[in-house]
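# Coordinates in review
Below, each chain spelled out in residue letters.
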Amino acid sequence: MTFVQMIECKTERLDELNRLLDTWVEQTGGRRTATHSLVATDRSDSAHVIELVEFPSYEDAMRNSNLPETERNFQKMVELCDGMPTFTDLDVVRDEQLNKGASRRFFLDCLAGSPELLRELLTHDYQDHDPSNPAGLIGIDAYLSELARWTAAFDFTFELEDQIAEGDRVTTRWTWNGRHNGEFMGIEPTGKQCTMTGTTTHRFREGMISESWWQFDRLGLLVQLGVVKM
């Protein structure tokens, strides 16, 4: 279970506190167990500073606390704060990255299921960037027309291997599996089972996908269909 430690203190020396944290990160490389650190100030009281530190588990947090650099960092942090920092230990019971969930739905429910559901996920001015379409596509209808070429040619599914989310972007590494049952790029149906790997980066705006960038092994697909020799 993911574990989060919340550290609160009062200080007017935020720049020095940030430098202290930078030093700790440099000194603990290869040994620290913390995976994410977020420092924030209270809008109503800029001297009220909160740090959230995420760990894979409580046990990992305890190992991190036992590092000598962590103890030295804490003593110096006390010197920068007005009073003793307070600690709150939190067991995470729900961790949902909403944009990642929307990206999963894009692949699993829409592309490989019900394309019309894309109207619920894409902005009206959605832009699609695909190496096979240098000019790109703009608008939901334009993208649905492109997708129709694939759904007419292949019965396919997606397996999502990895997802990374940061800011308004979600990148997904996927494996596509399809059977060639219809005409594709002038290639008559072969009935062959094909596999293709790729990555897609989605940009979100107000909870909806507004832009996509694709990279995938189209050459490998053509080799599997027997129209390109390697």
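Procedures and definitions
Residues numbered from 1 in each chain as written. Predicted model: local features only at pLDDT ≥ 70, side-chain atom pairs only at ≥ 80, totals over all residues. Heavy atoms only, no water. Pairing = 2+ DSSP bridges. Helix = DSSP H or I, 4+ residues; strand = E, 2+ residues; numbered from the N terminus. Axes fitted to C-alpha atoms, helices over the stretch in contact; angles between N-to-C directions. Contact = heavy atoms within 4.5 Å. 1 Å grid on protein atoms, 1.4 Å probe; cavity = no way out; pocket = protein on both sides within 12 Å on 5 of 7 lines; lining within 4 Å. Points joined across faces, edges and corners; volume = space filled by probe spheres on them. Nonpolar A, V, L, I, M, F, W, Y, C, P; charged D, E, K, R; others polar. Phe/Tyr/Trp six-rings, centres within 6.5 Å; stacked < 30°, edge-to-face > 60°. Buried < 20%, exposed > 50% of the residue type's maximum accessible area, 1.4 Å probe, protein only.

## Digging into the sheet that holds strand β8 (residues 169-180)
The sheet built from six strands is open, its strands ordered β6-β5-β10-β9-β8-β7 with mixed pairing. Each edge of the open sheet is held by one strand with a lone partner, namely β6 (133-138) and β7 (154-166). The average angle at which neighbouring strand axes cross in this sheet is 20°, direction not considered. Strands in contact with helix α4 (residues 98-111) are β5 (122-130), β7, β8, β9 (193-205) and β10 (208-216); relative to β7, the strand with the most contacts, it is inclined by about 175°. Packing of helix α5 (residues 140-153) onto the sheet brings it into contact with β5, β6, β7, β8, β9 and β10, and relative to β7 it is tilted by some 130°.

## With respect to the sheet that holds strand β2 (residues 36-42)
As summarised here, the arrangement of the four strands in space is β2-β3-β1-β4, forming an open sheet in which the pairing is antiparallel. Looking along the sheet, the strands with just one partner apiece sit at the ends: β2 and β4 (86-91). Along the sheet, successive strands turn relative to each other by an average axial angle of 20°, direction set aside. Bridge analysis of strand β1 (residues 3-10) against β4 gives six bridges, and the strand direction is antiparallel. For Val4, the partnering residue across the bridge sits in β4 and is Leu90. Relative to strand β3 (residues 45-55), helix α2 (residues 58-65) is tilted by about 115°, and along the sheet it contacts β1, β3 and β4.

## Things to note about empty space enclosed by the protein
Applying the stated criterion across every chain, the model contains two cavities of 30 Å³ or more. Each pocket or cavity is described by its volume, and for the largest cavity that value is around 210 Å³. Forming the boundary of the largest cavity are 14 residues, of which Tyr143, Leu147, Trp150, Trp214 and Phe216 lie nearest the centre. Broken down by secondary-structure element, the contributors of at least two residues to the lining of the largest cavity are β5, α5, β7, β8 and β10. Counting residues per element, the lining of the largest cavity draws most heavily on α5, which supplies four residues. Looking at side-chain class alone, the lining of the largest cavity contains eleven nonpolar, no polar and three charged residues. Estimates place the volume of the second largest cavity at around 30 Å³. What lines the second largest cavity is simply Ile7, Cys9, Leu17, Leu21, Val49, Glu51 and Met77. By residue class, the composition of the lining of the second largest cavity is six nonpolar, no polar and one charged.

## Some remarks on the packing of aromatic side chains
What the rule picks out here adds up to 20 aromatic pairs. Taking the centre distance of 5.1 Å and the plane angle of 70° together, the rings of Phe154 and Phe184 count as edge-to-face. Here the residue Phe154 occupies a position in strand β7, and Phe184 occupies one in the loop between β8 and β9, the gap between them amounting to 30 residues. The pair Phe154 / Phe184 is uniform in exposure class, with both members buried. Note on Trp174 and Phe216: the rings are 6.3 Å apart at their centroids and 40° apart in plane angle, and the pair reads as tilted. On the criterion of sequence distance, the pair formed by Trp174 in strand β8 and Phe216 in strand β10 is long-range, its members being 42 residues apart. In terms of burial, Trp174 and Phe216 fall into one category: buried.

## What about the layout of surface pockets?
Quantified by volume, the largest pocket comes out at close to 500 Å³. Trp24, Glu51, Val53, Asn64 and Asn73 are, among the 25 residues lining the largest pocket, the residues nearest its centre. Of all elements in the fold, only β1, α1 (14-27), β2, β3, α2 and α3 (68-80) reach the threshold of two or more residues within the lining of the largest pocket. Considered class by class, the residues forming the lining of the largest pocket number 13 nonpolar, eight polar and four charged.

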